[in-house]
Amino acid sequence: MTAPSSAVPSYPAQGTKIRYENDRMVVPDEPLIGYVEGDGIGVDITPVCLNICDRAVERAYGGRRRIRWVELFLGEKAASRFGGDYFPKATLEAMQDLVVSIKGPLTTPIGGGFRSLNVSLRQELDLFACVRPVRYYRGVPSPLREPEKVDVVLFRENTEDVYAGIEYAAGTPENEKLTRLLRDEFHARFFDGSALGIKPMSAFGSKRLIRKAIRYALDHGRRSVTLVHKGNIMKYTEGAFRQWGYDLAREEFSDSVVTEDEVQSRHGGRVPEGKIVLKDRIADIMFQMMLLRPDEFDVIATPNLNGDYLSDAVAAEVGGVGIAPGANMSDRVAVFEATHGTAPKHAGKNIVNPGSLLFSMVMLLEHIGWTEAAEAIRRAYERTVVDGVVTYDFARLKPGSKEVSTSAFGDAVCERLER
Ligand code: NAD
């Protein structure tokens, strides 16, 4: 295949774009879906996952449905082909146009003018929700005694909070100006020479994230949504996130959501039939609860920084970042992604675990409503691991297992799809 001369993708003629009609996603039988191979171990995991997905779709729908993949370029592969451009505008436009895409990990270019390609992508496409389902698969090594009790979906706000990038290094003129304002006009007290960062959190940003989490819980038959915040300390940011969550439930979901307090005060401690419960927990206790009583939690909505820590900690309970999937979403555009990085020391060696990208593919299939294919991959993955066929990272945690390469693991999953 010859390399394309521009990052503008050419769409396969047989495919049709996914589109929205009256706020509903319409998925054709041969949808065009974008993929970015990714840097580092992207070359190892992406082809394996595309192949498993194609085989699962073929098996589930007997040739009636088929994904028409469109290669998109970001990161090092883009830079090497398109004159050093790590972040081609054409790729962003295609991700918007195609509505659904999946990406491998990306290296952040040193000195390239980006804080991170991933952060830029989220900002440019306004992918405000980072969605991370975390559940246990039989056979996967876990540090918990009862890992099967973990089955949560985390919604992390992606655009605000201390990640907004409003920071002023100590000693800069901007810092000194802000220091004077804070001290002179607001009587704020802090050490001389402090670096300053600002934590913006809005009703708009919080509510759209919590709305997405509540809708997900309702659409997927979940029992509860928990707001995780640090409102006991940061009252006007994290505390407001909590309050905006309860306000939203009252304003928009009063017929389908009850609060934990209402369950006690109005419903005798029982959740009314067909309703979900909205509750909140302080972030530090949540880390304990997710270890001690994970089955009390279901869908979780949380601001950016809490979500960053919590999603990796919860993923570690059931297999770690090697298999944790994720997606970044706006109300329309969804970009599914491996949650780990490019693991450069393993790149091109065909040894790493494709699980994270594979389960992101499973999320993608569920997102477009192709649940039979998604379920087929889940079952085949579980059978493969239960049979003791694993990549190096699991092999060292699972005595007696057989260590195989990334591609051999992919073949083993495909074989089990066929049975
Ligand atoms: P990393 O996730 O790439 O690697 C950390 C370690 O985790 C690896 O050394 C490896 O032991 C293990 N690991 C990661 N993925 C694995 C897999 N699929 N199978 C088995 N083991 C796996 O994190 P890092 O080393 O901090 O970052 C490397 C690069 O990746 C940096 O340039 C960073 O900016 C980038 N990064 C990208 C993303 C993303 O694209 N979403 C996320 C995190 C880091």
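Up top you'll find the structure we're talking about.
Undergrad: In this structure, what is going on with the overall build of the chain? I would like to understand it.
TA: A tally of regular secondary structure across the chain gives 14 helices and 17 strands. Against the 2.2 N^0.38 benchmark of 22 Å for 419 residues, the chain shows a C-alpha radius of gyration of 22 Å, consistent with a compact globule. Taking the principal axes of its C-alpha atoms as reference, the chain extends roughly 65 × 60 × 50 Å. The proportion of buried residues among the 419 residues of the chain is 53%. Considering only intrachain contacts with a sequence separation of at least 6, the fraction spanning at least 24 residues in the chain is 71%. Split by element, the accessible area of the chain, about 19,600 Å² in all, is 49% carbon and sulfur.

Undergrad: Could you clarify how one ought to interpret the packing of helix 12 (residues 371-386) against helix 14 (residues 406-418) in this entry?
TA: Axes are the key here: two packed helices are described by the angle between their axes and the distance separating the axes. With their axes 8 Å apart at the nearest point, helix 12 and helix 14 run at an angle of 115° to one another. Judged by the twist between their axes, the crossing of helix 12 over helix 14 is right-handed. Mapping the contact onto sequence places A376, I377, A380, Y381, R383, T384 and V385 in helix 12 and F409, A412, V413, R416 and L417 in helix 14. Counted by class, the contact of helix 12 with helix 14 contains nine nonpolar, one polar and two charged residues.

Undergrad: Explain the site of the ligand to me, please; I cannot follow it from the model alone.
TA: Taken together, 21 residues form the shell around the ligand, and within it L106, N118, G341, A343 and N353 come nearest. At 2.8 Å from an oxygen atom of the ligand is found a main-chain nitrogen or oxygen belonging to L106. Between N353 and the ligand, the recorded distance is 2.9 Å, taken from a backbone N or O atom to a nitrogen atom. In isolation the ligand offers 800 Å² of accessible surface; the protein chains occlude 67% of this area. Taken together, the elements giving at least two residues each to the shell around the ligand come down to strand 15 (334-338) and helix 13 (392-395). When grouped by side-chain class, the residues that make up the shell around the ligand number eight nonpolar, nine polar and four charged.

Undergrad: What's the story with helix 3 (residues 89-98) in this structure? I'm lost.
TA: Think of an α-helix as turning once every 3.6 residues; residues three or four places apart then point the same way. Taken together, the buried positions of helix 3 are occupied by A90, T91, L92, A94, M95 and L98. Buried residues belonging to helix 3 abut strand 3 (32-36), strand 4 (68-72), strand 5 (100-103), helix 4 (117-124) and strand 15. Downstream of helix 3 by one or two residues, V99 has phi in the positive range, about 75°.

Undergrad: How should I be thinking about the sheet that holds strand 13 (residues 299-302) in this particular structure?
TA: One key point about sheets: their strands pair by backbone hydrogen bonds, in either a parallel or an antiparallel sense. Reading across from one edge, 4-3-5-15-14-6-7-13-10-12-11 is the order of the 11 strands in this open sheet, with mixed pairing throughout. Two strands close off the open sheet at either side, each with one partner strand: strand 4 and strand 11 (257-259). Put simply, the sheet's adjacent strands are angled 25° from each other on average, direction ignored. Two strands pair when backbone bridges link them, and strand 3 and strand 4 are joined in this way by five bridges, in the parallel orientation. Bridge assignment links G34 to a residue of strand 4, and that residue is V70. Running at roughly 85° to strand 11, helix 8 (residues 260-267) makes contact with strand 11 and strand 12 (276-282) of the sheet. Strands in contact with helix 9 (residues 283-292) are strand 7 (151-157), strand 10 (224-229), strand 12 and strand 13; relative to strand 12, the strand with the most contacts, it is inclined by about 110°.

Undergrad: Can you help me understand the nonpolar core in this one?
TA: Among soluble globular proteins, nonpolar side chains are generally buried collectively. Ranked by internal contacts, the top residues of the largest apolar core, which has 94 residues, are W69, V225, I300, F336, L365 and Y381. The residues contacting L365, other than those within four sequence positions of it, are C53, V57, I67, W370, T371, A373, A374 and I377.

Undergrad: It is not clear to me how the packing of helix 9 against helix 10 (residues 304-317) should be interpreted in this structure. Could you clarify?
TA: Here helix 9 crosses helix 10 at 10°, and the two axes come no closer than 10 Å. In terms of orientation, helix 9 lies roughly parallel with respect to helix 10. Along its contact with helix 9, which presents A283, M286, F287, M290 and L291, the element helix 10 presents N306, Y309, L310, A313, V314 and E317. Per-class residue counts for the contact of helix 9 with helix 10 are nine nonpolar, one polar and one charged.

Rules of the game
- Residues numbered from 1 in each chain as written.
- Predicted model: local features only at pLDDT ≥ 70, side-chain atom pairs only at ≥ 80, totals over all residues.
- Heavy atoms only, no water.
- Helix = DSSP H or I, 4+ residues; strand = E, 2+ residues; numbered from the N terminus.
- Rg over C-alpha atoms; globule rule 2.2 N^0.38 Å.
- Buried < 20%, exposed > 50% of the residue type's maximum accessible area, 1.4 Å probe, protein only.
- Contact = heavy atoms within 4.5 Å.
- Areas by Shrake-Rupley, 256 points an atom, 1.4 Å probe, with all protein chains shown as cover.
- Axes fitted to C-alpha atoms, helices over the stretch in contact; angles between N-to-C directions.
- Left-handed = near helix turned anticlockwise from the far one by under 90°.
- Nonpolar A, V, L, I, M, F, W, Y, C, P; charged D, E, K, R; others polar.
- Near = heavy atom within 4 Å.
- Polar contact = N/O pair within 3.5 Å; in protein donor to acceptor, adjacent residues only side chain to side chain.
- Pairing = 2+ DSSP bridges.
- Core = buried A, V, L, I, M, F, W, Y, C linked by side-chain atoms within 4.5 Å.
- Parallel < 35°, antiparallel > 145°, perpendicular 65-115°, else oblique.

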